Structure formats: structure tokens, C-alpha cells
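Secondary and tertiary structure notes
Chain by chain, the residues run as shown.
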Amino acid sequence: KTKLLEERFASLMDCKYGVATSSGTSSLVAMTLALPEIAKRPVIRGKSKVICPALGFIANSSSIVSGGLLPKWVDVRAEDLNINASLVEDAIDDDVVAIYAIGTMGLSADMPRLKEIADRYDLVLFHDACEDYGSSVDGVLSHKYAIGGCSSMYTAHLAVMGEGSIVFTDDENLADILRSIRSHGR
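**Notes on the packing of helix α2 (residues 24-38) against helix α3 (residues 58-66)**
Across the interface, α2 lies against α3 with an axial gap of 8 Å and an inter-helix angle of 40 degrees. Our classification of the angle between α2 and α3 gives oblique. Judged by the sense of rotation from one axis to the other, the crossing of α2 with α3 is right-handed. Along its contact with α2, which presents Thr25, Leu28, Val29 and Thr32, the element α3 presents Ala59, Asn60, Ser63, Ile64 and Ser66. Across the contact of α2 with α3, the residue classes break down as 4 nonpolar, 5 polar and no charged.

**Quick word on the pattern of salt bridges**
Scanning the entire structure with this criterion turns up 12 salt bridges. Among the ionic pairs, Arg182 bridges to Glu6, the shortest N-O distance being 2.5 Å. With a gap of 176 residues between them, Arg182 in helix α6 (residues 172-182) and Glu6 in helix α1 (residues 2-12) connect regions that are remote in the sequence. Taking the relative accessible area as the measure of exposure, Arg182 reaches 32% and is therefore partly exposed. Of the residues examined, Glu6 reaches a relative accessible area of 8% and is grouped as buried. Between Glu79 and Arg77 there is a salt bridge, with the nearest N and O atoms lying 4.0 Å from each other. Residue classification places Glu79 among the exposed residues on the basis of a relative accessible area of 63%. Among the residues examined, Arg77 registers a relative accessible area of 17% and is labelled buried. Overlapping salt bridges bring together Lys49, Lys72 and Asp93 as one network.

How each quantity is defined
- Residues numbered from 1 in each chain as written.
- Predicted model: local features only at pLDDT ≥ 70, side-chain atom pairs only at ≥ 80, totals over all residues.
- Heavy atoms only, no water.
- Axes fitted to C-alpha atoms, helices over the stretch in contact; angles between N-to-C directions.
- Helix = DSSP H or I, 4+ residues; strand = E, 2+ residues; numbered from the N terminus.
- Parallel < 35°, antiparallel > 145°, perpendicular 65-115°, else oblique.
- Left-handed = near helix turned anticlockwise from the far one by under 90°.
- Contact = heavy atoms within 4.5 Å.
- Nonpolar A, V, L, I, M, F, W, Y, C, P; charged D, E, K, R; others polar.
- Salt bridge = Lys/Arg side-chain N within 4 Å of Asp/Glu carboxyl O.
- Buried < 20%, exposed > 50% of the residue type's maximum accessible area, 1.4 Å probe, protein only.

Any functional reading would require information beyond the geometric quantities listed.
See the structure below:
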């Protein structure tokens, strides 16, 4: 049944792969643990940084710390409480390896701009879509600008099952790594 859920959710999100985890937080931790294998920049535990919004659910920052990396907070836009993409570039230094964008209360971050920045600096862009999966920017599903996105089925989110999460991606390597991490294979 888990495989069927993964397949159907991935299809709903127009992605090739879905990887179920126990929660949105565990999806973010798994993504952080996958960074050494998918990042274009070297990932050094205790030194490498992940840019994330300064205002957001604690899971983003705690998942980065749980993965042995350091959160680098960037302020949010007042109009939608999403990371202020115009401030992200100034936060990038040699230790930054990824950007975690969060969609807040159904509103997507500026994913096209964040993708452009991530591509320019060889950073991984991941979309915490727990509050906005299915949202779009310029007619494109928000998570399609990133290597992947994750949902949360917690009571306060869009699809409610009590708990659980699906990471959705088109990247086969990422999906394989996340399955291994989920199964404590690392």
C-alpha cells in the first residue's frame, strides 16, 4: 500500500518518483542527509550551510542541524512570509550547498528566481511544499523548479492522514538515496 501511495502521489505531483517517510520533518532530514551525494559543492558536516527562511516551522532548521549542517537564515517577504529571494544571493558564501524554499499557507516562494540563483551558484534547491504542494508559479508546479519537494499529511496541512510525508522528484538518484536513508541503509 505504501508503494501504491508513493506512485499515486508522485503522479498527482507530475513526478516520476515518490518516497514515503514518517513525517514532513523526516523528509527534510532525509533530504539533508542526501546532500553529500547530490550536491555540486563539497558537503562538510559541521561546516556546510543550507539557506532557509528565518521565519518558518522549526522543522526546516532542525532538519538541517539533524543532518549535521548549519542553517543560514534569510529574512522573509512581508506579503507572503516566504523567503525573500532578493536577499538570498547576499547570503551565499563558499560553505553554502543548498537552498530550502518553503511555501507558506498555500503561497509559493519565488521559485523561478530561487532556481536561477541555485543554478548560478551550483546549489541544490529543495522545496518544502508541506503547506503549498500543488501550487504553481507561471503555470509550472512550484516543486518543478527544485530537485524535488515534500508534503506533510499532518493535521494542519493540505492532505490529512495524521502523519506521514511523500518526497516527490523526477531525479532517480535522489529517490534511490532517500529510500536507502528511509530504510536506515546509510
